Amino acid sequence: MKYSWIAALAVVLGSSPLAAQSTDSGVKFGVLNDQSSSFAAFSGRGSIEAARLAIEDFGGKVLGKSIELTSADHQNKPDVGLALARQWFDKEGVDVIVDIANSAIALGVNNLLKDAKKLGLFVSPITDRMTEEDCNGYGIAWAYDAYSIARTSAMAQAQRGVDTWFIISPDYAAGVVLENTVSEVVKETGGKVVGAVRAPLGTTDFSSYLLQAQASKAKLVALTLNGPEMINALKQIQEFGLTSRGQKIAVTILYEVDVKAIGLAPLQGIEFAAAWYWDTNDASRAFAKRMIEKTGLIPSALHAGVYSAVSNYLKAVDAIGSKDPQKVVKQLQAMKIDDFFARNAKMLPNGRLIHDNYLLKVKTAAESKADWDFFQVLASVPGEQAFRPLSATKCPMVSK
């Protein structure tokens, strides 16, 4: 049953103890994400704490006034998410919405940005439509997208001779995007997708999907799942013995919290692409230590992306002495962006931030030397190679 506007408004008003009604601030951020279900572990509270750290490190003020932070759980419900965004823009003086896990909600929020003349710092959603078909000059994509993650992962497998694929995806907007992206790479490299299924959000029993994958005799079963669904599917893959029967398993996205829940043994050797990894440099390790102190968990690439997006937005506002959205966007495109998350970064005219990505591999238990030491960096992939080139953008605002 759909939430009514009144029900959604109730969620807004009780959304977070961080909420403040004052609009007389230098900048007011709103972190909008899933704090209670599938995306909570790698977005959720961690994104709020990352934004808070960025504000604290900036000094807590900009344009001579305090920086405010509010947050809300959209519960993975588009009607709730859009109601929250409207309330923030219309009534609570939020200048920038940050994170926005869930691609369907992100696309809806993106449509609000132009009319509201407010910015969206998209970190968690994997769809790239905010900077492609639906670009409007107010949506900025900071961390990753289906192109950078799925293509890097799929290309690595194709280069290893995998030519038949079975794809299990989540049945929502991001899942469709990931499935299509992987399928494109398979076709480009001369392979064949012999089967594909989509599992509804919240699926716990993957047995019917795994039986189809097994019957397909595909050399590789690709999972484009997230969170609890990814964990459940990988555990059941071990129970069904797909790997012992010779089928390889690949994933497009994997987080440390997934490995913690599943264990290293079932995952060892799996390769995947990532926008960031905590153990690549001293600054990243320092950020990870601070986040563990705040949340008890290692930060995900999305948490690091939130910190980076908020920090660089504030730098842009400070540099131009204004929070006018269009002036801030121009400053972000002009200024140097290079921090522990966004290495060798550049903001493209369509709002896509490109930066170095990583190809990672899950370590064996013997290789893991400490808590959260789960991944090995195989390669650093330059941003120009990882992301869609501007020459191929579908953004109507960019002249070719």
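Read on for an overview of the structure. This is a predicted model, so every value here is computed, not measured.

### So, unusual backbone geometry
Item 1. Positive phi, normally seen in glycine, also occurs at L63, with a value near 55 degrees.
Item 2. Inspection of the secondary structure assignment puts L63 in the loop between β2 (61–62) and β3 (65–73).
Item 3. Take L63: its relative accessible area is 36%, and that puts it in the partly exposed class.
Item 4. In this structure, N344 takes a positive phi of about 55 degrees despite not being glycine.

### Observations regarding the sheet that holds strand β8 (residues 192–199)
Item 1. Read across the open sheet, the four strands follow the order β8-β7-β9-β10; overall the sheet is parallel. In the strand order of this sheet, the two ends are held by β8 and β10 (248–251), each with one partner. Strand-to-strand twist across the sheet, computed as the mean angle between neighbouring axes with direction ignored, equals 20 degrees.
Item 2. Alignment of strand β9 (residues 220–223) against β10, held across four bridges, turns out to be parallel. Bridged to L223 within β10 is V251.
Item 3. Strands β7 (164–170) and β8 of the sheet are contacted by helix α6 (residues 173–188), whose axis makes an angle of about 165 degrees with β7.

### A few points about the packing of aromatic side chains
Item 1. Tallying each qualifying case throughout the model produces twelve aromatic pairs.
Item 2. Each ring, one from F272 and one from F375, has its centre 4.9 Å from the other, and the planes form 75 degrees; the classification is edge-to-face. Of the two residues, F272 sits in strand β11 (residues 271–274) while F375 sits in strand β15 (residues 375–381), which places them 103 residues apart along the sequence.
Item 3. Its relative accessible area of 0% is what places F272 among the buried residues.
Item 4. Judged by relative accessible area, which is 3%, F375 ranks as buried.
Item 5. Judged by centre distance (5.6 Å) and plane angle (50 degrees), the rings of Y277 and F375 are tilted.

### Focus: the environment of I270
Item 1. With respect to the secondary-structure elements, I270 resides in the loop between α9 (256–262) and β11.
Item 2. A relative accessible area of 6% places I270 in the buried class.
Item 3. The sequence separation of I270 and I249 amounts to 21 residues, and the corresponding C-alpha distance is 7.2 Å.
Item 4. Residues in contact with I270, not counting those within four places in the same chain, are I249, V251, L360, K361 and V362.

### So, the layout of surface pockets
Item 1. Looking at the largest pocket, its volume works out to about 300 Å³.
Item 2. Looking at the largest pocket, it is lined by 15 residues, and the ones nearest its centre are D128, T181, E184, R388 and K394.
Item 3. Listed by contribution, the elements that provide at least two residues to the lining of the largest pocket are α5 (146–158) and α6.
Item 4. Top element by residues in the lining of the largest pocket is α6. It accounts for five residues.
Item 5. When the residues that make up the lining of the largest pocket are grouped by side-chain class, the tally is four nonpolar, three polar and eight charged.

### Focus: the side chain of R151
Item 1. Relative to the helices and strands, R151 resides in helix α5.
Item 2. Judged by relative accessible area, which is 15%, R151 ranks as buried.
Item 3. Apart from residues lying up to four places away in sequence, R151 is in contact with A146, T181, V185 and E188.

### Considering empty space enclosed by the protein
Item 1. Taken as a whole and judged by the stated rule, the model has six cavities of 30 Å³ or more.
Item 2. What the largest cavity holds in volume is close to 130 Å³.
Item 3. As for the largest cavity, its lining consists of 18 residues, and the residues nearest its centre are L254, Y255, A274, W276 and A301.
Item 4. For the lining of the largest cavity, the secondary-structure elements that each account for two or more residues are β11 and α11 (301–320).
Item 5. Counting residues per element, the lining of the largest cavity draws most heavily on β11, which supplies three residues.
Item 6. Residue classes in the lining of the second largest cavity are distributed as eleven nonpolar, four polar and no charged.

### Quick notes on the state of the cysteines
In protein structure, a disulfide is the covalent linkage between the sulfur atoms of two cysteines.
Item 1. Tallied over the entire structure, the rule returns one disulfide.
Item 2. Covalently, C135 is tied to C395 through a disulfide, its sulfur atoms 1.9 Å apart. What sets the handedness of the C135 and C395 disulfide is the S-S torsion sign, and at about 85 degrees it is right-handed. Of the two residues, C135 sits in the loop between β5 (119–122) and β6 (139–141) while C395 sits in the segment after α13 (383–386), which places them 260 residues apart along the sequence. By the burial criterion, C135 is buried, and C395 matches it.

Criteria and cut-off values
- Residues numbered from 1 in each chain as written.
- Predicted model: local features only at pLDDT ≥ 70, side-chain atom pairs only at ≥ 80, totals over all residues.
- Heavy atoms only, no water.
- Helix = DSSP H or I, 4+ residues; strand = E, 2+ residues; numbered from the N terminus.
- Buried < 20%, exposed > 50% of the residue type's maximum accessible area, 1.4 Å probe, protein only.
- Pairing = 2+ DSSP bridges.
- Axes fitted to C-alpha atoms, helices over the stretch in contact; angles between N-to-C directions.
- Contact = heavy atoms within 4.5 Å.
- Phe/Tyr/Trp six-rings, centres within 6.5 Å; stacked < 30°, edge-to-face > 60°.
- 1 Å grid on protein atoms, 1.4 Å probe; cavity = no way out; pocket = protein on both sides within 12 Å on 5 of 7 lines; lining within 4 Å.
- Points joined across faces, edges and corners; volume = space filled by probe spheres on them.
- Nonpolar A, V, L, I, M, F, W, Y, C, P; charged D, E, K, R; others polar.
- Disulfide = S-S within 2.5 Å.

Everything listed here is a matter of geometry and, on its own, says nothing about what the molecule does.
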